[in-house]
Amino acid sequence: MAGLEREKGQRERVERFALLALVCGICLFSFFFLSVSLFRFHRLTAYAYDLGIFMQGVWLMAQGETPFVTLRGLHLFADHFSPILLLFVPLYRLYPHPFWFFLFQSFSFGLCALPLYRLSLRWLPSPSFALFFSLSSLLHPVFFSMLFFDFHPLVLSLPFLLWAVLAIEEGRTGQFFAAIPLALSCREDVVLPVLCISLWGMFRGRRWCLFALLLAALWFWLATTVMKELSGIKEVFYLALYERWGKTPSEILNYILSHPFTVIREMVMARGIATPPGFYPLLLLAPFGFVPIIGFEFLVFGLPCFAFVTLGERPAMRDLGFQHGALVIFWVMVANLRGWSRIVRWMEGLPERERMWWKIALLALWILCLLCFAVRYGKSSFSVFTRDKLEKEEAKIVWQLLREKIPEEASVSATTTFAVPLAHRREIYLFPNPFIRCLWGANKEALRQMDGKEKVKIKDERELMERIKERPILFVVVKRRANWWPMERKDYDRLLDIFLASPYYEIVANFKDFYILKAKVERQR
């Protein structure tokens, strides 16, 4: 009896230590990504798409105004239905700063370790194993780009989806129905993983998951109705990304079910912007040493989410770390834990010495795979998303010029990295808007321009000059060596020269190749 009490006390001490280490690990991961996000913001390398969009939309709501985002030419909830953004409105009234977006996104990512830890305790033999796998799962390279790249409400859904999976495993109805609405509030396309999780729950004998299926269907109807109403079109325009499969959700589903081999080939050979054909599924599984394949049942139930990401016309969705990876990666993380639980169970039947060697070899190989991919993609992701950064002193000077020269109520057209610090106003446009229409509104042209399939060009210089004359935009903020998206370099340089020589604008601030142009007095009148 005394021996059992000692063993129980020792296990409780190990669990307390593991929980403390877990909290420290969550804080460490979260603060790291928070600091990177703030670094990008202060060094003027964050983008109008998407950080500027959410900054302007939430700021407008904090002012009690309609969140029509001029950076996008759409109501904030017509672009994506993310009512969770309403939680940021009172915070923005206290302190209008994207710090809140970065804080919640970073800690949402870190908090994924909690449900993973609880799942690990159920499936793995010891708290130390559970601690190791729950924290090391956060090193999957998909998270680096996802968290370095501005802010996306979709990422906030990750801990809620994992809590829902945990609730099914533990049979906790209340926890499940608390997590599901929170996940759905993050974005309209979270409906798909919620449907898949609910089906998984019903497969596990949790009949109450049927109500989640009905809730998800009702939420999808509500979300799409609101989006269509606010955008003024008959269909959700993002369906255009899947129009080769069908024009409506029912047509798309019917084609997928009736042409399975075509769809499977497309899913396997999915091509991204920087991802060669066939590599995307490998990049999801290889960092975990392909162990998730052993937990195959979770991958099977996650297939609809993977199809959603791989069957669209937007190549960026198939690049590792694009925000849509959030719809897939939590399935891979849970499958990894399930796979390890089966490996451990298999090793229990081996002699002790052989079991020890197998454990060391398999863990070493798994750690090697994870670290290699984390270093490779973490380093390159940081490089990609900080390539436009200004040096510390340069950024300080530009921030000062923006504050001193541009009044808070003035209308501005600015390139993508300078639109972000100017986003807290009613009229802020992504240059060359509104002089040349681009990425504006709910239409296929905007989607093609967003994906780089259709470049924004200067078609008629005389017509452009007329538009510059007609559009009463008080300030234009540009930089010679800048991120010229969504234009090509030559067209951007040509347009910049036109503005610098324009009779309607004058240079009021110039630092190296950075310019602030102001409409001339006669034009303002």
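Everything below is about the structure printed above this text.
Bear in mind the structure is a predicted one, so any value in this text is a computation, not a measurement. (Residues numbered from 1 in each chain as written. Predicted model: local features only at pLDDT ≥ 70, side-chain atom pairs only at ≥ 80, totals over all residues. Heavy atoms only, no water.)

Trainee: So what exactly am I meant to see when it comes to the overall build of the protein chain here?
Mentor: On a plain count of helices and strands, the protein chain comes out with 25 helices and seven strands. Since a compact globule built from 525 residues should have a radius of gyration of about 24 Å, the 25 Å found for the protein chain is in line with a globular shape. Overall size of the protein chain, expressed as C-alpha extent along the three principal axes, is 95 × 55 × 45 Å. Here the analysis covers contacts within the protein chain between residues at least 6 apart in sequence; of these, 72% occur between residues at least 24 apart. As displayed, the protein chain has an accessible area near 23,700 Å², and 62% of this comes from carbon and sulfur atoms. Here the protein chain contributes 62 positively and 46 negatively charged side chains, and the mean placements of these two sets differ by 3 Å. (Helix = DSSP H or I, 4+ residues; strand = E, 2+ residues; numbered from the N terminus. Rg over C-alpha atoms; globule rule 2.2 N^0.38 Å. Contact = heavy atoms within 4.5 Å. Areas by Shrake-Rupley, 256 points an atom, 1.4 Å probe, with all protein chains shown as cover. Lys, Arg positive; Asp, Glu negative; His and termini not counted. Charge placed at Lys NZ, Arg CZ, Asp CG, Glu CD.)

Trainee: Explanation requested: the pairing of strand E6 (residues 505-511) in the structure shown.
Mentor: On a regular strand, each side chain points to the face opposite its neighbour's, so the side chains alternate between the two faces of the sheet. When E6 meets strand E7 (residues 514-519), the two strands line up antiparallel, connected through six bridges. In the strand pairing of E7, Tyr-505 is matched with Ala-519. Here E6 folds back onto E7, and the loop between the two strands holds two residues, one of which, Lys-512, carries a positive phi near 55°. (Pairing = 2+ DSSP bridges.)

Trainee: Just checking my understanding: could you explain a nonpolar patch on the surface for this structure?
Mentor: On the surface, Leu-199, Met-202, Leu-210, Phe-211 and Leu-214 cluster together into a nonpolar patch covering about 490 Å² of accessible area. Elements with a contribution of two residues or more to the nonpolar patch: helix H11 (191-203) and helix H12 (209-231). Judged by relative accessible area, which is 40%, Leu-210 ranks as partly exposed. (Patch = residues over 30% accessible without salt bridge, like charges linked within 9 Å, V, L, I, M, F, W, Y side chains within 5 Å. Salt bridge = Lys/Arg side-chain N within 4 Å of Asp/Glu carboxyl O. Buried < 20%, exposed > 50% of the residue type's maximum accessible area, 1.4 Å probe, protein only.)

Trainee: Explanation requested: helix H2 (residues 48-62) in the structure shown.
Mentor: Since there are 3.6 residues in each turn of an α-helix, residues three or four apart along the chain are aligned in direction. Counting buried positions over the 15 residues of H2 gives 15, a clear majority of the element. Looking one or two residues beyond H2, the residue adopting positive phi is Gly-64, at roughly 80°.

Trainee: So what exactly am I meant to see when it comes to the packing of aromatic side chains here?
Mentor: For any pair of aromatic rings, the description consists of the separation of the ring centres together with the inter-plane angle of the planes. This structure, assessed with the given rule, holds 51 aromatic pairs. Relative to Phe-144, the ring of Phe-33 lies with its centre 5.9 Å away and its plane at 55°, an arrangement referred to as tilted. Residue Phe-33 is found in helix H1 (residues 2-42), and its partner Phe-144 is found in helix H8 (residues 142-148); the two are separated by 111 residues along the sequence. There is no split in this pair, since Phe-33 and Phe-144 are both buried. Seen from their ring centres, Phe-418 and Phe-514 are 5.0 Å apart, and the 55° between their planes marks the pair as tilted. Remark: Phe-514 occurs in strand E7 and Phe-418 occurs in helix H21 (residues 416-419); sequence separation between them is 96 residues. When sorted by exposure, Phe-418 lands in the same class as Phe-514, which is buried. One aromatic cluster is present, formed by Phe-29, Phe-32, Phe-33, Phe-39, Phe-109, Phe-143, Phe-144, Phe-148 and Phe-382 through successive ring pairs. If you follow Arg-338 out to its NZ or CZ, it ends over the ring of Trp-123, 4.1 Å from the centre. Looking at Arg-376, its charged tip hangs above the ring of Tyr-377, at a distance of 4.7 Å from the centre. (Phe/Tyr/Trp six-rings, centres within 6.5 Å; stacked < 30°, edge-to-face > 60°. Lys NZ or Arg CZ within 6 Å of the ring centre and 35° of its normal.)

Trainee: Looking at this structure, how should I read the pattern of salt bridges?
Mentor: Two side chains of opposite charge can pair, provided their charged atoms sit close to one another. All chains considered together, the criterion is met by 23 salt bridges. Measuring nitrogen to oxygen at the nearest pair gives 2.7 Å for the salt bridge that ties Glu-170 to Arg-172. Here Arg-448 and Glu-454 are joined by a salt bridge, their closest N and O atoms 3.0 Å apart. Among the residues examined, Arg-448 registers a relative accessible area of 35% and is labelled partly exposed. A network of salt bridges, in which partner residues are shared, links Glu-169, Arg-204, Glu-297, Arg-338 and Arg-342.

Trainee: Could you clarify how one ought to interpret the packing of helix H9 (residues 153-170) against H11 in this entry?
Mentor: Each packed pair of helices is defined by two parameters, the angle between the axes and the distance between the axes. Direction vectors running N to C along H9 and H11 enclose 10°, while the axes themselves pass 10 Å from each other. Classified by the interaxial angle, the pair formed by H9 and H11 is roughly parallel. Along the contact surface, H9 presents Leu-161, Ala-164, Val-165, Ile-168 and Glu-169, while H11 presents Pro-193, Val-194, Ile-197, Trp-200 and Gly-201. Class assignment for the residues of the contact of H9 with H11 results in eight nonpolar, one polar and one charged. (Axes fitted to C-alpha atoms, helices over the stretch in contact; angles between N-to-C directions. Parallel < 35°, antiparallel > 145°, perpendicular 65-115°, else oblique. Nonpolar A, V, L, I, M, F, W, Y, C, P; charged D, E, K, R; others polar.)

Trainee: Mind showing me how you'd approach the environment of Leu-22 here?
Mentor: Assignment of secondary structure puts Leu-22 in helix H1. By relative accessible area, Leu-22 is classed as buried at 0%. In this structure the C-alpha to C-alpha distance between Leu-22 and Leu-222, which are 200 residues apart in sequence, comes to 38 Å.

Trainee: Any chance you could explain the nonpolar core here in plain terms?
Mentor: Soluble globular proteins: nonpolar side chains tend toward being buried together. Counting 167 residues, the largest nonpolar core has Phe-176 and Val-477 as the members making the most contacts within it. The biggest single contributor to this core is helix H18 (residues 326-347), with 15 residues. Discounting residues that sit within four places of it in the chain, Phe-176 has contacts with Ala-164, Ala-167, Ile-168, Ile-197, Ser-198, Trp-208, Cys-209 and Ala-212. Ranked by size, the runner-up nonpolar core spans 23 residues in total, among them Phe-435, Leu-464, Tyr-505 and Tyr-515. (Core = buried A, V, L, I, M, F, W, Y, C linked by side-chain atoms within 4.5 Å.)

These values are about where atoms sit, not about what they do.
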